[in-house]
Amino acid sequence: MKVLLLAAGRSKRMKPIEDKNFLNFVGKPLIQHQLELLHESGLNDVVVVGGAHNMEKIKDLGAALGVNVEVVEQEDLEMGMAGAVLSAKGLLNGPVIIFSSNDVVEVSALKAIMAAEGADSYLLGYKVSEYFPGGYLEVSDGFVSNIVEKPGAGNEPSDLVNLVVHRHENPAALIAALEAVKSENDDKYEVALAAMMKDGVKFKAVEYSGVWQPIKFPWHILPVFKYFFEKAAKGVAKGAKVAEGAVINGDVIIEDGAKIFDGAVINGPCYIGKNAVIATNSLVRESNVGEGCVIGFSTEVARSYLGSDVWTHSNYIGDSVIENNVSFGAGTVTGNLRLDEANVLIDGCDSGSNKFGAVIGSNVRVGVNTSLMPGVRVGGGSFIGAGIVVAQDIPDKSFVRGSWELKISENKQDVGENRDEFKKKL
Amino acid sequence: MKVLLLAAGRSKRMKPIEDKNFLNFVGKPLIQHQLELLHESGLNDVVVVGGAHNMEKIKDLGAALGVNVEVVEQEDLEMGMAGAVLSAKGLLNGPVIIFSSNDVVEVSALKAIMAAEGADSYLLGYKVSEYFPGGYLEVSDGFVSNIVEKPGAGNEPSDLVNLVVHRHENPAALIAALEAVKSENDDKYEVALAAMMKDGVKFKAVEYSGVWQPIKFPWHILPVFKYFFEKAAKGVAKGAKVAEGAVINGDVIIEDGAKIFDGAVINGPCYIGKNAVIATNSLVRESNVGEGCVIGFSTEVARSYLGSDVWTHSNYIGDSVIENNVSFGAGTVTGNLRLDEANVLIDGCDSGSNKFGAVIGSNVRVGVNTSLMPGVRVGGGSFIGAGIVVAQDIPDKSFVRGSWELKISENKQDVGENRDEFKKKL
Amino acid sequence: MKVLLLAAGRSKRMKPIEDKNFLNFVGKPLIQHQLELLHESGLNDVVVVGGAHNMEKIKDLGAALGVNVEVVEQEDLEMGMAGAVLSAKGLLNGPVIIFSSNDVVEVSALKAIMAAEGADSYLLGYKVSEYFPGGYLEVSDGFVSNIVEKPGAGNEPSDLVNLVVHRHENPAALIAALEAVKSENDDKYEVALAAMMKDGVKFKAVEYSGVWQPIKFPWHILPVFKYFFEKAAKGVAKGAKVAEGAVINGDVIIEDGAKIFDGAVINGPCYIGKNAVIATNSLVRESNVGEGCVIGFSTEVARSYLGSDVWTHSNYIGDSVIENNVSFGAGTVTGNLRLDEANVLIDGCDSGSNKFGAVIGSNVRVGVNTSLMPGVRVGGGSFIGAGIVVAQDIPDKSFVRGSWELKISENKQDVGENRDEFKKKL
């Protein structure tokens, strides 16, 4: 069976993360984790729908796994899931599983959808015990009769939420239905499914109650890291150097070439990528620290995702998401708790937590002693000056400075030259 | 013999400390230390004059000690010591020792006043070797003839300073004298004593040269802590967890449930309260850290009093007094030394030291990278924003923010993507 | 043979360093290192040309070495090298080597100039393999015929750059030539040499390819430290105290009375002067830390020169030069890398490196949480306030403050009193 893996979207909700498919969790991009999942499920024939921005990077990922990957481009990224399926139209000549790279699930999800019988199409239904604002599968006489979007608590037609792990025995029918939809909204795919149901195509709900972690908002990134970390083999690579005076607590993965200096503490779960440096007296906990990162002296990184080549130095990076090639001047801090201890908002959305720091795009430089307020997003390629408080989102490629004046007058006071008295109060 | 323990005052000089009786030294409120002192002195019948704000909390403190505590309310707190004595009027039917909770003294002070003979009233006279700005006992023919307030150096009538450890064999005479004073000033008690002396009531000075530490100004709090620490049993509770990589130097008291993490250093004398956390690579020295405090990563706490539930995080807290339930964002600092290294002033008063930090009331939240100038007081319930310099006292329940504008322009510069060159200068 | 050691200059290019002769490298002033060099070369008869500012300090430096030091004053410091030689006119009655204290060279340089034969004067020619912007020795028929100042790459008349290690067999001829020059420019000495060459005085170039490190700009100070460190005897003095929990990596010199606390890390090459304190959890690397310095808790000092009595405290001092008796408030940082990662400029001159911090004169006090931008110079005796960004040079004896206003309003929000929920995310 073929898989249509949807990986084109550049989600606005994830801004300034450029392409979540290439967030690196425990050293591998999300999209590669998804290909491995398919391979483990016995699915080795994959059509990936990408975009101009990531097709090149995707196309070689299957080779080492023995997965046959074909990449097609979705030209109009605004057309959503329907656009993605139609982009691959020419390649869908038999049964297909449509799977979104946005959803992290277990092998059992794919096995279940593969094993289902007795219908034309199958939709994975995630079993919920409390209300979730998604699409619910309405089931009548054993078949799905409708998908009800965000019905509101108490109005759910079932306890099954639609996940994009769909199997269509006859994709031609799906394509015809998609082409027949007039709407230009991004729910075109769901409208097409509804039309098919009306026309008598049989849809079955396939119940699933394993792991499901969508990756739509920045605050989804840490739990995804934890999931992939949990699955990965733990340990310290032979080529890593851990100083005698360093302390490692709990489960960690420390890759080849990484160096952990004296006085550094790593509290797992932590991933430390290739050639990363965890410098003297720093602390890393519950974090993904990518390849080539330098966690400098006296820095704390807590519950954060750091891509590759992130440089810190006497910083506090808490509950944050930092893309690749970013550096922070000494004393710069990501505030991760509001004074009123209310939930942090990102772009106006409630993150669901009172602890959340910053989301920072690639190639950003931040000066010394700067304060990033909880939930702030800094666009890629921006320079952020020293000694400022950033309490607003910063667009890509911005240059941000403070505005102040120094008052300089003559200093008429002398200083004592004898420091001995002070030494008593060291 | 009964004791009248004066514990109603809410000193303006201690602002924003709400009630110094409930400053917790080595885990117990000041007022409880005073009750224990009385008990050790053999005085187990105590009338405490409290205020509406603390009566409830006081009334149960004696039970465990076997001290009979009655609490009376002083309604008009402006009426000072005279008002306090008059509040307890109905309970003073025999010899009484009047003792102020503001003065920390040794058992020998109480024993001396109890043992004195040959007069109607007895006043504890603290023997000084240099001038102290207090009330001096003028003694003629073996009896106190006058109390001279702040006579000025060189004009002292004796070397005995009046401490509020007074014994009156006949409190009725004192009450009558107090009721006869017309003045509404807060020196009514002293005026009444003077009138009694004139009327022929015999006052004897009882010399005392043990420990005396008044607790009137914020800078008195650290020496009081050190005194109570010295007296207390030292050691690490069995239920405390001290990581292998933590270092403890000197005398400490570490209570049950406390956790000391790797790389943390505690330099005694230090008290670490129940369930407190001294986190990775932090430093605590010569400080009282109350129950439930969290001294976060890379924080230094030096010569400071912290109440309960104070949370720090990459901070420097030096020579400061912090009430309960206060948190500091990362990078926030209490400046404790002026640039000119002159003595720090608090509310215009000379603290007597060139090292003094901040005094912070309960339920305060301070943002990240903020600087509190030496001697600043922050009122209870205030929120202090990020990245500012607080160089003035802040009233209770204030919301304090900086005012600035960011200049945001297009960043026309690119960053190098190769970090290898930088790694050479790690 | 006599040596005329030129040590009067107070270079503007080194501002705010007052007198580079008294920069202390591995515990000894530069001028003393130079006297030792002369002594090792067998030159024990030295006339030092000083200025009013340093004559007193220079005159006793030779005694312990067995070097006979006479000091003469150069009154007009604007008159450069010619002025210096003329100041010593009365003492130059035989063969002399003129040597500038600005140039750090090896014994072999002096031995070579001493051993040269067959001419009236000898100039040390430093052999270069690529263009250096100095004066090149043009050699014809075995003798120097001209000194060509900064000819530009490709136009060099030889591969020998003129170093001020000059020998004159007949100083009277030099003095006469100097006195004959009309020019008041600071190249009077070079003009006189050219006139002597024209007049038939024979100059020979003496090739030298050992160590040469000029000390003209602040960025020359660290390499000079490294050179003197390399030559000095390494080790930890018996009277130094190194805590068990401290870590020392690489070569270090730790002097008597120095204390290294728990969790401190010293990565050599490092010099730690007498009675200096390297406090808990701090990091010092590749630096010269002078006598009486206190490197406080959680400070990093990297690739920096610190004079005596420099006090730090939770700071980052990187690639900086700090004179004597300077203190930094907690959280203050020397930025040492521009956002655009271009080379740092000091007073408009390219330092040749993208890592350079601040140059700070003596007796400076810096408040807490202040940011000094890369390449900034702070004049001696200045006070720099808290929480500011200093992005410009600061004149001597300045008082620098920020200008801002706090917005204070009523805080209508309450804080939760229960911190238990937070402890889960410690």
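All of these numbers come straight from a predicted model, not from anything done at the bench.

Conventions used here
- Residues numbered from 1 in each chain as written.
- Chains lettered and ligands numbered in written order.
- Predicted model: local features only at pLDDT ≥ 70, side-chain atom pairs only at ≥ 80, totals over all residues.
- Helix = DSSP H or I, 4+ residues; strand = E, 2+ residues; numbered from the N terminus.
- Buried ≥ 20, exposed ≤ 12 C-beta atoms within 10 Å, placed from the backbone.
- Contact = placed C-beta atoms within 7 Å.
- Nonpolar A, V, L, I, M, F, W, Y, C, P; charged D, E, K, R; others polar.
- Pairing = 2+ DSSP bridges.
- Least-squares fit on C-alpha atoms with pLDDT ≥ 70 in both.
- Arc of directions from axis to C-beta.
- Domains from an automatic or database assignment.
- Axes fitted to C-alpha atoms, helices over the stretch in contact; angles between N-to-C directions.
- Parallel < 35°, antiparallel > 145°, perpendicular 65-115°, else oblique.
- Left-handed = near helix turned anticlockwise from the far one by under 90°.

Draft legend 1. Just the overall build of chain A, in detail. Scanning chain A from terminus to terminus reveals eight helices and 41 strands. Taking all 426 residues of chain A together, the buried fraction comes to 56%. Considering only contacts in chain A between residues 6 or more positions apart, those separated by 24 or more positions represent 45%.

Draft legend 2. Region of interest: the environment of Met196 of chain C. Residues and elements named next belong to chain C. With respect to the helices and strands, Met196 occurs in helix H6 (residues 188–198). You can call Met196 buried: it has 22 C-beta atoms within 10 Å. The spatial distance from the C-alpha of Met196 to the C-alpha of Ala173 is 7.9 Å, given a sequence separation of 23 residues.

Draft legend 3. Looking closely at the interface of chain B and chain A. Contacts between the two partners involve 36 residues from chain B, matched on the other side by 40 residues from chain A. For the side of chain B that touches chain A, the leading source of residues is strand E41 (residues 406–410) of chain B, giving five residues. The residue inventory of the side of chain B that touches chain A, partitioned by class, reads ten nonpolar, 16 polar and ten charged. Two elements, strand E40 (residues 398–402) of chain A and E41 of chain B, share five bridges in a ladder whose sense is antiparallel.

Draft legend 4. Seen up close, the relation of the copies chain C and chain A. Superposing chain C onto chain A takes a rotation of 120° plus a shift of 0.0 Å along the axis, which leaves an RMSD of 0.0 Å. Such a combination of turn and shift is consistent with a three-fold rotation axis.

Draft legend 5. Inspection of the interface of chain C and chain A at higher detail. Counting residues at the interface gives 40 residues for chain C, matched by 36 residues for chain A. Tallying contributions element by element places strand E40 (residues 398–402) of chain C first for the side of chain C that touches chain A, with five residues.

Draft legend 6. Structural detail: H6 of chain C. All names here are of chain C. Taken together, the buried positions of H6 are Lys188, Tyr189, Ala192, Leu193 and Met196. Angularly, the buried residues of H6 cover 140° about the axis, an arc narrow enough to put them on a single face. In this structure, the buried residues of H6 make contact with helix H3 (80–87), strand E10 (143–149) and helix H5 (171–180).

Draft legend 7. View of the sheet that holds strand E37 (residues 377–378) of chain B. Residue and element names in this part refer to chain B. Spatially, E14-E17-E20-E23-E26-E29-E34-E37 is the arrangement adopted by the eight strands of the open sheet, whose pairing is parallel. Where the open sheet ends on each side, the last strands, each with one partner, are strand E14 (235–236) and E37. Two elements, strand E17 (residues 252–254) and strand E20 (residues 270–272), share three bridges in a ladder whose sense is parallel. Within the sheet, the bridge partner assigned to Val252 lies in E20 and is Cys270.

Draft legend 8. Inspection of the sheet that holds strand E34 (residues 359–360) of chain A at higher detail. If you trace the eight strands from one edge of the open sheet to the other, you get E14-E17-E20-E23-E26-E29-E34-E37 (chain A), paired in parallel fashion. Whereas interior strands pair on both sides, the edge strands pair on one side only; in this sheet they are strand E14 (235–236) and strand E37 (377–378) of chain A.

Draft legend 9. Representation of the pairing of strand E6 (residues 96–100) of chain B in the model. All names here are of chain B. With five of five residues buried, E6 is to be regarded as a mostly interior element. Side-chain alternation along E6 places Val96, Ile98 and Ser100 on one buried face and Ile97 and Phe99 on a second face that is also buried. Both strand E1 (residues 2–6) and E6 contribute to a ladder of five bridges, which runs parallel. By the bridge assignment for E6, Lys2 is matched with Val96. In this structure, E6 lies alongside strand E11 (residues 160–168), joined through four bridges in antiparallel fashion. Residue pairing in the sheet places Ile97 in a bridge with Arg167 of E11.

Draft legend 10. Representation of the domain arrangement of chain A in the model. All names here are of chain A. When the domains of chain A are assigned, the result is domain 1 (2–216) and domain 2 (220–400). Summarising the inter-unit geometry, the C-alpha centres of domain 1 and domain 2 are found 31 Å apart. Counting residues at the interface gives 16 residues for domain 1, matched by 27 residues for domain 2. When its residues are assigned to classes, the side of domain 1 that touches domain 2 shows nine nonpolar, four polar and three charged.

Draft legend 11. View of the packing of helix H3 (residues 80–87) of chain B against helix H6 (residues 188–198) of chain B. All names here are of chain B. Two elements in contact, H3 and H6, have axes whose closest approach is 6 Å; the angle formed by their N-to-C orientations is 75°. Here H3 lies roughly perpendicular to H6, going by the angle between them. Contacts from Gly80, Met81, Ala82 and Val85 of H3 reach H6 at Lys188, Tyr189 and Ala192. Partitioned by chemical class, the residues of the contact of H3 with H6 number five nonpolar, one polar and one charged.

Draft legend 12. Up close: the environment of Tyr122 of chain C. Tracing the sequence through the fold places Tyr122 of chain C in strand E8 (residues 121–127). As a C-alpha pair, Tyr122 of chain C and Ala88 of chain C span 34 residues in sequence and 19 Å in three-dimensional space.

Draft legend 13. How the structure looks around helix H5 (residues 171–180) of chain A. All names here are of chain A. Taken together, the buried positions of H5 are occupied by Pro171, Leu174, Ala177 and Leu178. Projected onto a plane normal to the axis of H5, the buried residues spread over an arc of 120° and lie on a single side. H5 presents Ala172, Glu179 and Ala180 as exposed residues on the side facing more than 90 degrees away from its buried surface.

Draft legend 14. Highlighting the packing of H3 of chain B against helix H5 (residues 171–180) of chain B. All names here are of chain B. As a packed pair, H3 and H5 sit with axes 10 Å apart at the nearest point and diverge in direction by 130°. Here H5 runs oblique to H3, going by the angle between their axes. The handedness of the crossing between H3 and H5 comes out as left-handed. Along its contact with H3, which presents Ala82, Val85 and Leu86, the element H5 presents Leu174, Ile175 and Leu178. Class assignment of the residues belonging to the contact of H3 with H5 gives a composition of six nonpolar, no polar and no charged.

Draft legend 15. Molecular detail of unusual backbone geometry. Gly268 of chain B connects to Pro269 of chain B through a cis peptide bond whose omega is 5°. Following the sequence through the fold, Pro269 of chain B ends up in the loop between strand E19 (265–267) and E20. The residue after Lys15 of chain C, namely Pro16 of chain C, is reached through a cis peptide bond having omega 0°. Take Pro16 of chain C: it is sitting in the loop between strand E1 (2–6) and strand E2 (24–25). Residue Asn281 of chain A is not a glycine yet carries a positive backbone phi of 60°.

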